[in-house]
Each structure stands twice: as structure tokens, then as C-alpha cells.
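Close look at the chain arrangement
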Amino acid sequence: MDLVKIRRDLHQIPEIGFQELKTQAYLLKTISQLPQERLEVVEWRTGIAVKVPGTNPRKRIGWRTDIDALPITEETGLPFQSVHPGFMHACGHDIHMAIALGLLQKLIDRPIEDDVVILFQPAEEGPGGALPFREWLKNDKPDFLPDVICALHIAPELPVGTVGTRPGLLFANTSELFIDLHGKGGHAAFPHLTEDMAIAAASLLMQLQTIVSRNVNPMDSAVLTIGKMSAGTVQNVIAEHARLEGTIRTLNSESMIHMKQRIEGFCRAVESAYNCRVSIDYGSGYLQVTNDEALAEKFLQYAGKAEGITAIRSEAAMTGEDFGYFTEQIPGLMFWAGVSSPHGLHHAKLEPDEEVLSFMPELIHSFFLKL
């Protein structure tokens, strides 16, 4: 199985959450070329679950890979860059899928004792595929539900051959944030006859920035970022509508609840102060990713002794990942895999080093033998 070719083929057809039709078709075609007597394959929406029966199973080990892309215009200049304008595998999910297929090949060629289920999960970037996929497995396909589950995520800043993780909390709680302000527009020459939503939004934006500094315990960690602000239509018309778009990230669910309460309080205050209507949409929200402590320690010890691999203890990150919906109910492990790129995740020029494909499936397969 040529994993580099597979990765490049997948890189050319990026699709966003629950629209991964070409991606699913490509994966199914690739899987169909493997010995089918060793596989059980089921489809869920645009995702796939593949089970490889073990030789003497005591448990069911899960491996999860995400398959969706981002609405980003690629700027790598690669000969195999995206053929879908405005979309790109800017988070490495093409690498993730190729590794999962490589692992599948090794499990067929060299079966392990335990059953293994590989989950090709859609919509990790949004609106969130892990939770409904998990619930479908529980309710409709319990014989595909893992007893323990693992996954990786590429780390552009780490060298190829380096893996990193930590016991306990790895990634944060996350929530999207969309705030719409509605007032009364009008001619720029008659501001006293209007309710200017550009001013209201600017005031709200500044107030929101005090939430972390003045409402979150300094011993805790949280982020509230407004990444986009829009208002108005032309330069001589007072804005009737404004919109703030951002993200909230916390290291525990209680802080997330508290931050949302403060956001709602500021929005009510702005409604009163600027005589307007404010609505809030929290969009997609993901649970924190919490690694099973024993599993994470076992992986760090194993990887640290593997030839050519450097294992490090990572810090917890404010990164969001819906893998947390699996680790909420299933003992799990996620780790970083270095890919030596000067450009980070979600960057239009992200270019992972494909060398990671040459050894990562073998590393995972060998680790599964230790579980």
C-alpha cells in the first residue's frame, strides 16, 4: 500500500464536515482492495467503521481518524494541491487517514489477539462528528464500540520521529461564539435618529476582553478570542446590524459555564445601554480530551524505547478536538506526532513531512500488541 500516494490523492479532494462524499468513496475503494474475509465494514453517514477480528480477542481496541477538511484556500503550491477551491486539508487529516489505512493493512497482514476497530470519523472540524458517531455505535453497532480507543494528531512544530502526550487533560473544552447585534440604521448625517450597532459591537468587544482577566481564577486558564467583527454596509450609513465571531476555550467545564454566563450578562447590559437586541449562538462545542493516565504512561514508556522515536511529555493545550466525546466514556489516548512543518495547523501553507507515514502505522501496530 503506497501511503504517500494515498495521502496525496486524499489531499486533492478536501471536503468539509458531513460532505466528505468523495473522501468516503476513496476510502471505501481502497479498503475494498484488501482481503475482505479479514474485515467487517459498515458505513455511518459519510464515515466508516472497519473491524479486524483478533486471533484470541479479550477486548476491542479502537483507532480513530478524522477525515474532513477546512474552508481554507490552499497556498502550498504543491503539485497535488486541492482541486476543490476554497477547501484544504490544513489540519493534517489527509496524513491521519493514510496512517489509519497503513495500520489497517498491517493488522490484516499481522493479526493481533484483540479485535481492532478503525473509525473514519467525519466532521471533526465542525459541526462535530464524534458524539453522534459514538452514540450510533452504542445504539446500533455495539459490536463495533471500542473498549479502549486511541488517536493521533500531527504536530507541525515537532520533528518527524517525535511523539508527545501526557496523562490526564491534553486538550481544552471549546465552544464557538457568534453574537449578533440588531439596532436601527440610518443616514450618517442623522446619528441621533439611529441605534448604531458598530458602536455597540465595539463596546461589547472591549467588555468581553475583561472576562478572562477579571472573572476567571488566575490559577485556572481560559481563552476568549473574537477573531472576526463585521458591521454596516457602506461608509455613510449607520450600521443596523453587527456581528462578532469568536471562540471560548477552558480547561474545565465549570469555567466554560461561568464564562458563558458572563458573556450573556454583558450582552444584556449592551442591550440596555444601546437600545438594541443581542442574540448569542454558541455553535459547536467540544469536550476536553482527557487521556487515561495508565494508557498514556504505557504509551510514553513504549514509544520512548522504540527505535528512532523520541517521546516527550506534552503540556496541556487550548486546542479543540471532538475526540473528547470518545474519551468521555471510553478509556482513551491521543498523542501528537511530529511532522516538521514551518507552518502550523490551519495555515494555508501547511506542508507536513510525509516521512511520518513510513513508520507510524508500525509504531501503532506494535503498541497495540502491548495493550
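It should be noted that the structure appears before, not after, this text.
Let me sum up the structure you'll find in this document. Throughout, residues of each chain are indexed from 1 in the direction in which the sequence is written. With pLDDT at 70 or above as the cut-off, local features in this predicted model cover only qualifying residues; side-chain atom pairs require 80 or more to be listed or tallied, and sums for whole chains, interfaces and linings still use all residues. Side-chain measures here rest on the full set of heavy atoms in the structure, leaving out hydrogens and waters.

1. Describing helix α3 (residues 93-109)
For the purposes of this entry, the term helix denotes a DSSP run of H or I that reaches at least four residues, the term strand denotes a run of E that reaches at least two, and both are numbered from the N terminus. One less than the number of residues in a helix, times 1.5 Å, gives the span that helix is expected to have. Compared with the 24 Å implied by 1.5 Å per residue over 17 residues, the 24 Å span of α3 between its first and last C-alpha is a close match. Partly exposed describes any residue whose relative accessible area lies between the buried limit of under 20% and the exposed limit of over 50%, with all areas from a 1.4 Å probe on protein chains only and scaled to the type maximum. By the criterion of burial, α3 is predominantly enclosed, with 15 of the 17 residues buried.

2. Concerning the nonpolar core
Buried residues of nine kinds, namely Ala, Val, Leu, Ile, Met, Phe, Trp, Tyr and Cys, make up a nonpolar core once their side-chain atoms join them within 4.5 Å. Core analysis: the largest hydrophobic core is formed by 60 residues, its most contacted members being W63, F120, F335, M360 and F368. Here this core gets 10 residues from one element, more than from any other, and that element is α3. If you look at the next biggest cluster of nonpolar residues, it comprises 27 residues, including F133, I149, L170 and Y325.

3. Observations regarding the packing of aromatic side chains
Aromatic rings considered in pairs are described by the distance between their centres and by the relative angle of their planes. Two aromatic rings from Phe, Tyr or Trp, using only the six-membered ring of Trp, form a pair when their centres are within 6.5 Å; if the ring planes differ by under 30 degrees the pair is stacked, by over 60 it is edge-to-face, and anything between is tilted. For the structure on display, the rule yields 11 aromatic pairs. Pairing F299 with F335 gives two aromatic rings, centres 4.4 Å apart and planes at 25 degrees, and the pair type is stacked. On the criterion of sequence distance, the pair formed by F299 in helix α8 (residues 293-305) and F335 in strand β17 (residues 332-338) is long-range, its members being 36 residues apart. Residue F335 is classed as buried on the basis of its relative accessible area, which comes to 2%.

4. Observations regarding empty space enclosed by the protein
The way it works is a 1 Å grid over only the protein atoms, where trapped points that fit a 1.4 Å probe form a cavity and open points with protein on both sides within 12 Å along at least five of seven lines form a pocket, and then any residue with an atom within 4 Å of a point lines it. Grid points are joined across faces, edges and corners, and a volume is the space filled by probe spheres set on the points. Scanning the model with the defined rule gives 1 cavity of 30 Å³ or more in all. Each pocket or cavity is described by its volume, and for the largest cavity that value is around 40 Å³. Looking at the lining of the largest cavity, the elements that each hand over two or more residues are β17 and α10 (360-368). Broken down by element, the lining of the largest cavity gets its largest block of residues, 5 residues, from α10.

5. Some remarks on the pattern of salt bridges
One side-chain nitrogen of Lys or Arg within 4 Å of one carboxyl oxygen of Asp or Glu is enough to make a salt bridge. Enumeration according to the criterion identifies 20 salt bridges in this entry. We note a salt bridge from K51 to E40, for which the minimum N-O separation is 3.9 Å. Within this pair, whereas K51 is found in strand β2 (residues 47-52), its partner E40 is found in strand β1 (residues 40-44), the two being separated by 11 residues in sequence. Residue classification places K51 among the buried positions, given a relative accessible area of 7%. A relative accessible area of 33% places E40 in the partly exposed class. The partner of D114 in a salt bridge is R58, with the nearest N and O atoms 3.2 Å apart. Of the two residues, D114 is situated in the loop between α3 and β4 (115-121) and R58 in the loop between β2 and β3 (60-66); the sequence distance between them amounts to 56 residues.

6. Some remarks on the side chain of R64
Examined against the element boundaries, R64 turns out to sit in strand β3. Reaching out from R64, the side chain makes a polar contact with the side chain of Q121 at a distance of 2.9 Å. Engagement of the side chain of R64 in a polar contact is seen with the side chain of D322, the distance being 2.7 Å. The contact definition used throughout considers only heavy atoms, calling two residues in contact when any of these lie within 4.5 Å. With residues near it in sequence (within four places) discarded, R64 still touches L119, Q121, E124, I149, C150, A151, E321, D322, F323, F326 and M334. Contacts described as polar in this section are N or O atom pairs within 3.5 Å, which, within protein, must combine one atom able to donate a hydrogen with one able to accept it, while residues neighboring in sequence count only if both atoms come from side chains.

7. Quick look at the pairing of β17
Of all 7 residues making up β17, 7 are buried, and the element is well covered by its neighbours. On β17, burial covers both faces: G332, M334, W336 and G338 on one face and L333, F335 and A337 on the other are all buried. Here, strands pair whenever DSSP counts at least two bridges between them. Where strand β5 (residues 148-155) meets β17, 7 bridges bridge the pair, whose relative direction is parallel. Residue pairing across strands places A155 opposite G338, the latter belonging to β17. Taken together, the 2 bridges between strand β6 (residues 162-165) and β17 define a ladder with antiparallel strand orientation.

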